[in-house]
Amino acid sequence: MCIKTDCEVDKNMELNDTPYFEFLDVALDTAKPNGLRQERQLSASQRRYYSFCRRKSFAAFVASKQDGNPEEGNPFWCCCGETFSEQSAIHKHVARTHDAEIQQLAQATYEHLLKQLEEEEAETHHTRKCETKTVDISAWIPETDHISEERLKKGPGKVLLYYHYCQVEDPHVICAWQKALCEKLHLTGKVRVATEGINGTVGGTNTATDLYVKAMCSHHVFKMKEEDFKTSDGGAECFTDLRVGVYKEIVPMGVDPDVVSYKRAGVHLEPEEFHKEVKALLSKGNLNNDTILLDCRNFYESKIGQFQQCLAPDIRKFSYFPDYVDQNLELFRDKKVLMYCTGGIRCERGSAYLRSKDVCKEVYQLKGGIHKYLEQFPDGFYRGKLFVFDERYAISSNNDIISDCRYCGSPWDQYKLCSTQFCCQLVLSCPSCRGAGHTACCPTCQTKGGTQSEESTTLQDHKEECECTGGRPRIPQDV
């Protein structure tokens, strides 16, 4: 099988040529009233983008007030019942009177730009085209003629979780191979490919997943080992479909991999070593103040399972982790940090970012993540469920329940999606409360659930904010 790959024209930063009214339209369509991110909260690389968006938003707002024809040499602007004939005058007026609106427009434009960068896989600020290459990927796909389709599709199965950092010269070729490989083996799941490596979780029958592992291990780019894969009971039914794509990062931290590379990651500790470190930490109790056990996952993950006495930041996305570090640097100063996450990949970049700040005494990370730790210590210091990003939501190795029902407060740790259309929040609602109709993530969504119009079903890309997101500080201060 031959696959042609061709990079499209990079349009990510051609916003200089975008008419001002388009910025205004984008912002007004997507602006959020709550939780606007202040420019000082952004990391250095993100500040440049935000500053760019703020300038454009300011210009868009001013342009929307213009009534005169600049080509005729008599432009003027009307705003707040006043008429301005000089550009400097309208600029001063907007800066003094409409700062909140400019912030809202800038925030929305900034988020729109980040979405563009992700979707179009932006790597430069210039228009570019890659040479078309023809690559034969059939040699990388195992023969299955001796295996019946029945064995590939039906029977006991499992879910694989893995990642591998390495130099990938042509991620589009690897992406095409992964898509063809998974389709042939009837696997579902998600695979991210980038120039820095690959990250995936796929589900299928035991026969199919074994063939997938062999294909990954034999590929000349990755040269992975069987122990690099974390497994759990499951199958193709654990995912709704197959998604394979090329991205800037194989785990979305929002920091350029060339600026903060996985090569600067902390010291990897095997599960046995990590277990000893945690045991030593717990034995000191409250007397220990020089070591931090850091959970770098999202709040809804650590809510249902975590290591005892850990620091679990109240963040919604891993892309917020760098800002969390920036705003809580004193918390880590001169400390020994033990980091962990689900499978290890977030610790690779997260520990590298933490080390780049030069404030910690030592930075260690759990090799293979919680997954590998639980294989050896199912009844160890990690209590509760392990959150997974598929239809199961969680897997368990012990019977502890450390979270509560959102409505009645009884022990409960099985997530369901909020029942309100477009809301993507997860909710912990026990069977009794669900039976009583409490199926939304918050009172606001519960009220909306019964009043949503049929017309809204056509808004495919709409995402809704609610009390759960609006009421939580974007970047918590734990210092």
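Use the structure listed above.
Residues numbered from 1 in each chain as written. Predicted model: local features only at pLDDT ≥ 70, side-chain atom pairs only at ≥ 80, totals over all residues. Heavy atoms only, no water.

1. Quick notes on the overall build of the protein chain
The criterion, for reference: Comment: elements are numbered from the N terminus, with helices defined as DSSP H or I runs of at least four residues and strands as E runs of at least two. Burial status follows relative accessibility: with a 1.4 Å probe on protein chains alone, a residue under 20% of its type maximum counts as buried, one over 50% as exposed, and anything between as partly exposed. Each accessible area value is a Shrake-Rupley result obtained with a 1.4 Å probe; residue values ignore everything except the protein chains displayed when judging cover.
Helix and strand counts for the protein chain come out as 16 helices and 19 strands. Residue burial in the protein chain is summarised as follows: out of 479 residues, 48% are buried. On the protein chain, roughly 24,200 Å² of surface is accessible, and the fraction owed to carbon and sulfur atoms is 48%.

2. Quick word on the pairing of strand β11 (residues 291-295)
Filter applied, for reference: One requirement defines pairing of two strands: DSSP has to find at least two bridges between them.
Along β11, five of the five residues are buried, which leaves the element largely enclosed by surrounding structure. Along β11, one buried face is formed by T291, L293 and D295 and the opposite face, lined by I292 and L294, is buried too. Alignment of β11 against strand β13 (residues 336-340), held across five bridges, turns out to be parallel. Bridge pairing links L293 to L338 in β13.

3. A look at the sheet that holds β13
Note the following rule: Fitting a line to C-alpha atoms yields each axis, with helices limited to the stretch in contact; the angle taken between N-to-C directions then spans 0 to 180 degrees.
Strand order across the open sheet formed by four strands is β10-β14-β13-β11, with parallel pairing between neighbours. Lying at the two open borders of the sheet, with one neighbouring strand each, are β10 (267-269) and β11. The average angle at which neighbouring strand axes cross in this sheet is 25 degrees, direction not considered.

4. Overview of the environment of K357
Cut-off, in case you're wondering: We call two residues contacting when some pair of their heavy atoms lies within 4.5 Å. What qualifies as a polar contact is a pair of N or O atoms within 3.5 Å, subject to a donor-acceptor requirement within protein and to the restriction that residues adjacent in sequence count only when both atoms come from side chains.
Positionally, K357 belongs in the loop between α12 (345-356) and β14 (362-366). For K357, a relative accessible area of 28% puts it in the partly exposed group. Distance from K357 to R333, taken between C-alpha atoms, is 9.5 Å for residues 24 residues apart in sequence. In this structure, K357 is in contact with V325, D326 and L329, ignoring residues within four places of it in sequence. Among the polar contacts listed, one links the side chain of K357 to the side chain of D326, at a separation of 3.1 Å.

5. So, helix α13 (residues 369-376)
Among the eight residues in α13, six count as buried, and that is most of the element. G369, I370, H371, K372, Y373 and L374 are the residues of α13 that are buried.

6. Quick notes on the pairing of β13
Regular strands place their side chains on alternate faces of the sheet. Going by this rule: Looking down the strands as they point away from the viewer, one classifies a crossover as right-handed if the path from the first strand across the helix to the second runs clockwise.
Counting buried residues in β13 gives five out of five residues, a clear majority hidden from the surface. Taking every second residue as pointing to the same face, both faces of β13 are buried, with K336, L338 and Y340 on one and V337 and M339 on the other. Judged from the four bridges that link them, β13 and β14 form a sheet pairing that is parallel. Among the inter-strand pairings, L338 is bridged to a residue of β14, identified as Y364. Each parallel crossover has a hand, and the one from β13 via α12 to β14 is right-handed.

7. Some thoughts on the packing of helix α6 (residues 171-184) against helix α7 (residues 206-218)
Helix-helix packing is characterised by the crossing angle of the two axes and by the distance between the axes. Selection rule: Each angle is binned into one of four classes, with values under 35 degrees roughly parallel, values over 145 roughly antiparallel, values of 65 to 115 roughly perpendicular, and all other values oblique. If you view the pair so one helix is near and one far, a crossing is left-handed when the near helix is turned anticlockwise from the far one by less than a right angle, and right-handed when it is turned clockwise. As a working rule, the residues Ala, Val, Leu, Ile, Met, Phe, Trp, Tyr, Cys and Pro are called nonpolar, Asp, Glu, Lys and Arg charged, and the rest polar, with Gly in that last group.
Running from amino to carboxyl end, α6 crosses α7 at an angle of 155 degrees, the nearest separation of the two axes being 10 Å. By the angle class used here, α6 and α7 are roughly antiparallel. In terms of crossing hand, the pair formed by α6 and α7 is right-handed. Judged by residue contacts, W177, Q178, L181 and C182 of α6 engage Y212, A215 and M216 from α7. Its residues assigned to classes, the contact of α6 with α7 comprises six nonpolar, one polar and no charged.

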